[in-house]
Amino acid sequence: TQRVVSGEGATRPCLLVPSAWRDETSQKMSKQQPAQFINPETPGYVGFANLPNQVHRKSVKKGFEFTLMVVGESGLGKSTLINSLFLTDLYPERVIPGAAEKIERTVQIEASTVEIEERGVKLRLTVVDTPGYGDAINCRDCFKTIISYIDEQFERYLHDESGLNRRHIVDNRVHCCFYFISPFGHGLKPLDVAFMKAIHNKVNIVPVIAKADTLTLKERERLKKRILDEIEEHNIKIYHLPDAESDEDEDFKEQTRLLKASIPFSVVGSNQLIEAKGKKVRGRLYPWGVVEVENPEHNDFLKLRTMLITHMQDLQEVTQDLHYENFRSERLKRGGRKVENEDMNKDQILLEKEAELRRMQEMIARMQAQMQMQMQGGDSDGGALGHHV
Amino acid sequence: MSKGLPETRTDTAMSELVPEPRPKPAVPMKPMSINSNLLGYIGIDTIIEQMRKKTMKTGFDFNIMVVGQSGLGKSTLVNTLFKSQVSRKASSWNREEKIPKTVEIKAIGHVIEEGGVKMKLTVIDTPGFGDQINNENCWEPIEKYINEQYEKFLKEEVNIARKKRIPDTRVHCCLYFISPTGHSLRPLDLEFMKHLSKVVNIIPVIAKADTMTLEEKCEFKQRVRKELEVNGIEFYPQKEFDEDLEDKTENDKIRQESMPFAVVGSDKEYQVNGKRVLGRKTPWGIIEVENLNHCEFALLRDFVIRTHLQDLKEVTHNIHYETYRAKRLNDNGGLPPVSVDTEGSHDSNP
């Protein structure tokens with residue numbers, strides 16, 4: 001099957017080939033390639049079927065960028081999960097503040113960038129953390145900082161896109177937001193609902209239940225269902241995985257079905273190696289057993305990782321085609337006209353200012369004349385007003 | 001200050017000088033000891049048996065309040081503590097209830113009996129605490145409720161013709177549920193405990209402790225203890241009310257090592273090693289609630305029910321209630337409070 005992909009602009013790579021999953025397909029393609037070139041059997045064969053490979057090669061050389069935002073109350077296991085997902089330690093010098101310090105703190109934005117390379121494919125991953133979210137006693141202003149950050153990134157991209165030099169636009173827009181829901185509650189909290197409604201038109205929301213080893217399987221199912229019901233009830237738009245296309249193989253279709261059915265993912269994170277059943281696994285050791293991070297029967301960690309990797313491209317696309325376009329049209333409607341006119345009116349403004357200056361000078365002259373007259377009038381009256389300089 | 005003579009405590013007449021806040025418990029100093037064995041057996045020790053019989057006949061009240069964010073397992077824990085369906089969840093497990101918009105106070109009473117002893121247990125639940133976006137002052141309804149109970153008791157006490165046994169609705173113990181984040185206390189926890197540790201016995205409890213491994217649990221407990229100390233929060237058992245050395249050593253051990261208790265609650269039973277135990281069944285093992293290797297529920301239960309139940313009541317009566325009473329009397333210039341409101345005031349007639 002041939003899939004034609006149009007190469008859009010030198011700045012954005014179009015085809016993401018996640019190493020774990022599409023390796024076989026790409027290897028197959030590259031094996032077929034030489035044969036097709038050397039002996040083009042089909043008379044009508046042009047050769048642009050090779051385009052995906054070219055794009056692929058270019059993209060691999062260039063590398064990919066992805067920005068992931070992580071939001072949730074402290075202590076829900078966000079940092080551990082991110083470290084587990086990307087098998088790295090993004091927060092080596094972390095200091096956890098005490099409650100008294102948290103009282104004074106406001107929500108902050110901390111972005112850390114890490115370059116991950118796997119089988120020749122480079123990923124420049126930026127993780128945007130939001131410490132302080134949900135900690136304060138009054139969380140009314142919790143999300144202002146976060147929303148302005150997201151808007152700022154859009155603004156910057158818009159500015160760069162409209163600029164003269166578009167070769168090296170850096171895409172720092174937030175492509176995906178993992179929203180962490182507490183496993184201790186009975187569903188969504190008022191803060192969860194308010195926040196998601198405030199950003200669901202700006203960023204792809206992926207709800208995640210962390211510390212899933214707190215829940216038994218039944219409790220997990222109940223919580224997931226409750227969360228999905230509440231999301232629907234409040235009309236919150238979370239990121240929907242696209243259905244597998246009809247030309248995909250059955251395995252992929254089945255996998256997509258499974259993924260869709262497991263949202264929101266309930267995960268356990270850990271980078272500690274524990275000995276279990278004779279082999280070393282990543283997990284958490286309790287007196288009553290070992291929770292394995294990569295065991296699909298224990299939690300949805302693998303599913304979350306799969307989803308993120310196979311849909312990185314789609315997440316970027318939706319951010320570009322939906323959220324960014326929304327932002328752009330809003331922005332241009334609001335302030336676009338002013339931006340353009342400003343340039344044209346610079347001269348006019350200058351003229352206006354000169355006119356105003358002249359008017360003021362005239363007014364001063366008039367006032368001086370009046371004062372002169374008053375003084376003369378005063379002299380004739382015999383008053384000793386004195387001379388005004 | 002008298003030296004050598006045993007101090008006797010005069011009746012708490014209204015004319016007595018208003019004591020300073022936080023008076024010492026109303027226990028007489030050790031009197032001079034007479035060794036009864038020398039003179040023959042008198043039978044004074046039978047008073048214990050008499051008291052026991054009396055208690056069994058009258059039964060006693062115990063009021064326990066649970067405070068914490070929704071979903072921390074408060075109702076389940078109380079049910080597990082008293083091995084009966086005593087919390088508001090008892091009716092049906094259908095959590096279709098929404099989070100209330102303000103903090104509500106719900107008191108449910110039960111009479112449970114064990115070994116011939118009757119206990120009138122009241123569980124006071126506080127749904128809505130800490131669940132809103134803006135949780136400022138969400139402890140105020142709780143503080144108000146606690147003071148109202150003191151007021152009720154004071155009114156009864158002050159009556160000319162008062163009941164033989166004043167119904168005791170005062171909160172004897174407040175279990176505060178800390179979310180097991182593994183990091184530290186939340187600002188709301190600090191604020192609540194700061195305000196309320198002065199009016200009621202607070203026992204901090206780490207909820208849903210099956211979320212932490214043993215090291216994480218130890219670290220978290222240490223950090224919480226430190227934070228409470230740094231912020232001057234005196235949780236029960238308060239240091240200043242240790243009566244003697246024996247109490248002090250026992251309570252010190254509890255204060256510095258065991259508290260806050262990291263607990264897991266459950267009302268379901270499973271078969272483990274041939275026994276039926278209360279627990280939680282997960283794909284990676286069964287968490288036994290009463291197994292000290294798994295969680296500290298048994299410690300909490302022993303502490304609250306088996307060893308310190310009476311002390312909780314005494315501290316409430318002798319310290320917290322007296323503080324409230326002293327403040328009220330001071331406000332009224334040393335006179336008994338005049339019952340201005342129309343509800344519940346008795347006429348002074350037989």
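Residues numbered from 1 in each chain as written. Chains lettered and ligands numbered in written order. Predicted model: local features only at pLDDT ≥ 70, side-chain atom pairs only at ≥ 80, totals over all residues. Heavy atoms only, no water.

Under an unreviewed UniProt entry, chain B has the name Neuronal-specific septin-3 and belongs to Callithrix jacchus. You can read under Sequence similarities (unreviewed entry) in the UniProt record for chain B the words "Belongs to the TRAFAC class TrmE-Era-EngA-EngB-Septin-like GTPase superfamily. Septin GTPase family." Entered under Function (unreviewed entry) in the UniProt record, the comment concerning chain B runs "Filament-forming cytoskeletal GTPase. May play a role in cytokinesis." (UniProt positions renumbered as here; feature names shortened; annotations may be inferred.)

Going by an unreviewed UniProt entry, chain A carries the name Septin and comes from Callithrix jacchus. Note on chain A: under the UniProt heading Function (unreviewed entry), the record states "Filament-forming cytoskeletal GTPase."

So, about the overall build of chain B. Secondary structure assignment for chain B yields nine helices and nine strands. Within chain B, the proportion of its 350 residues that are buried is 46%. Restricting the contact set of chain B to residue pairs at least 6 apart, pairs at least 24 apart contribute 70%. Carbon and sulfur atoms form 53% of the exposed surface of chain B, whose accessible area is close to 19500 Å². (Helix = DSSP H or I, 4+ residues; strand = E, 2+ residues; numbered from the N terminus. Buried < 20%, exposed > 50% of the residue type's maximum accessible area, 1.4 Å probe, protein only. Contact = heavy atoms within 4.5 Å. Areas by Shrake-Rupley, 256 points an atom, 1.4 Å probe, with all protein chains shown as cover.)

Next up on the list: the UniProt feature "site: Important for dimerization" (unreviewed entry) in chain A. Taking the numbering used here, the UniProt-annotated feature "site: Important for dimerization" (unreviewed entry) corresponds to A:Phe184. Looking at where A:Phe184 falls in the secondary structure, it is placed in the loop between strand E4 (176-181) and helix H6 (190-199). In this structure A:Phe184 comes out as buried when scored by relative accessible area, which is 3%. Sequence-distant contacts of A:Phe184, that is, excluding residues within four places in its chain, are made with A:Lys211, A:Thr214, B:Ser70, B:Gly71, B:Leu72, B:Ser179, B:Pro180, B:Lys208 and B:Thr211.

Now for the nonpolar core. If you look at the biggest cluster of nonpolar residues, it comprises 156 residues, and the most contacted ones within it are A:Phe178, B:Phe62, B:Phe129, B:Leu175, B:Phe192 and B:Ile203. Broken down by element, this core gets its largest block of residues, nine residues, from helix H5 (residues 142-161) of chain A. Those residues in contact with B:Leu175 that sit more than four places away from it in its chain are B:Ile64, B:Met65, B:Val66, B:Val67, B:Leu77, B:Leu81, B:Ile203, B:Val205 and B:Leu300. (Core = buried A, V, L, I, M, F, W, Y, C linked by side-chain atoms within 4.5 Å.)

In this complex, chain A contributes 46 residues to the contact, which on the side of chain B involves 47 residues. Taken together, both faces of the contact between chain A and chain B bury some 4000 Å²; the carbon and sulfur share is 56%. On the chain A side of the contact with chain B, A:Ile137, A:Phe184 and A:Trp288 bury the most area, a combined 21% of that side's loss. The interface formed by chain A and chain B contains three salt bridges. In this structure, B:Glu216 engages A:Arg284 in a salt bridge whose closest nitrogen and oxygen atoms are separated by 2.7 Å. For the interface between chain A and chain B, the tally reads twelve residue pairs in polar contact (both at pLDDT 80 or more). Put simply, the parts of the chain that give the side of chain A that touches chain B at least two residues each are helix H4 (99-104), H6, helix H7 (217-233), strand E8 (279-286) and strand E9 (289-292) of chain A. A per-element tally of the side of chain A that touches chain B places H7(A) first, with six residues. In terms of residue class, the side of chain A that touches chain B is made up of 20 nonpolar, eleven polar and 15 charged. (Buried area = accessible area lost by both parts, 1.4 Å probe. Salt bridge = Lys/Arg side-chain N within 4 Å of Asp/Glu carboxyl O. Polar contact = N/O pair within 3.5 Å; in protein donor to acceptor, adjacent residues only side chain to side chain. Nonpolar A, V, L, I, M, F, W, Y, C, P; charged D, E, K, R; others polar.)

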